[in-house]
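# A look at the structure
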Amino acid sequence: MQCTTNRPGMECGFMSGKGCGYSGGTCHPIVESCQGCDRTVTAGEMVYCKSYPDPAAKWRFGPCNFATHIKAEVKEDSKKINPLKASKRASAKKK
Ligand code: SF4
């Protein structure tokens, strides 16, 4: 449904016939860490996130998982384990 509060006319999943269903009744502007993300949208003089109504909360415990301007760190284990072989090895040890 189209927003009637901070981003008028833009589609938003939180809007309903009763108004904005997000906590507080409106979405919040982006935070500094969001600069450069493709999901930002400008409405009036403010910049919001298209995907998440409270960007500060999205960054509170680490990088935002929706961010398009950062790459997720992939931890590579030096030793890769084949789960099938590991299972066979474990069952062989039990005997
Ligand atoms: S997707 Fe994440 S990083 Fe991008 S604007 Fe939204 S909250 Fe900010």
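Every chain begins its residue count from 1, and numbering advances along the sequence as written. Given that this is a predicted model, residues contribute local features only at a pLDDT of at least 70 and side-chain atom pairs are listed and counted only at 80 or more, while totals for whole chains, interfaces and linings are drawn from all residues. Working from all heavy atoms in the structure, the side-chain values ignore hydrogens and water.

Strands are runs of DSSP state E lasting at least 2 residues, helices are runs of H or I lasting at least 4, and numbering of each runs from the N terminus. A tally of helices and strands in the chain yields two helices and four strands. Secondary structure elements of the chain, listed N to C terminal, follow the sequence β-β-β-β-α-α. The atom set for the radius of gyration is the C-alpha atoms, and the globule formula is 2.2 Å times the number of residues raised to the power 0.38. Taken over C-alpha atoms, the radius of gyration comes to 22 Å for the chain, far larger than the 12 Å a tight globule of 95 residues would show. Classification of the 95 residues of the chain by burial places 21% in the buried group. Taking the contacts inside the chain whose residues are at least 6 apart along the sequence as the reference set, 37% of them involve residues at least 24 apart. Using a 1.4 Å probe, the Shrake-Rupley method yields the accessible areas, and only the shown protein chains count as cover for residues. Here the chain has roughly 7500 Å² of accessible surface; of this, 52% comes from carbon and sulfur atoms. Only four residue types enter the charge count, namely Lys and Arg as positive and Asp and Glu as negative; His and the chain termini do not. In plain terms, the charge of a residue is placed at NZ if it is Lys, CZ if Arg, CG if Asp and CD if Glu. Separation of charge centres in the chain, based on 16 positive and 8 negative side chains, amounts to 19 Å. Note on classification: 1.4 Å probe, protein chains only; a residue is buried when its accessible area is under 20% of the maximum for its type, exposed when over 50%, partly exposed between these limits. Whether two residues are in contact is decided by their heavy atoms, any of which lying within 4.5 Å being enough.

Bringing the side chain of Arg7 into the picture now. In this fold, Arg7 is placed in the segment before strand 1 (15-16). Buried within the structure, Arg7 lacks any salt-bridge partner; Glu11 is the closest side chain of opposite charge, at an N-O distance of 9.3 Å. Residue contacts for Arg7: discarding those within four places in its chain leaves Cys12, Cys27, Val41, Ala43, Tyr48, Cys49 and Lys50. Any Lys or Arg side-chain nitrogen found within 4 Å of a carboxyl oxygen on Asp or Glu counts as a salt bridge.

Before going further, it helps to examine the pairing of strand 3 (residues 40-43). Burial along strand 3 is one-sided: the face carrying Val41 and Ala43 is buried and the face carrying Thr40 and Thr42 is not. Sheet analysis places strand 3 next to strand 4 (residues 46-49), joined by four bridges and oriented antiparallel. When the sheet's bridge partners are listed, Thr42 is paired in strand 4 with Val47. A strand pair is defined by DSSP finding two or more bridges across the two strands. The antiparallel pairing of strand 3 with strand 4 creates a hairpin that spans two residues between the two strands, and Gly44 there sits at a positive phi of about 65 degrees.

Cysteine sulfur atoms that come within 2.5 Å of each other are treated as a disulfide pair. Going through the model one piece at a time under the given rule, you end up with zero disulfides. Cys3 supplies the cysteine sulfur nearest to Cys27, a cysteine that is in no disulfide, at a spacing of 5.9 Å.

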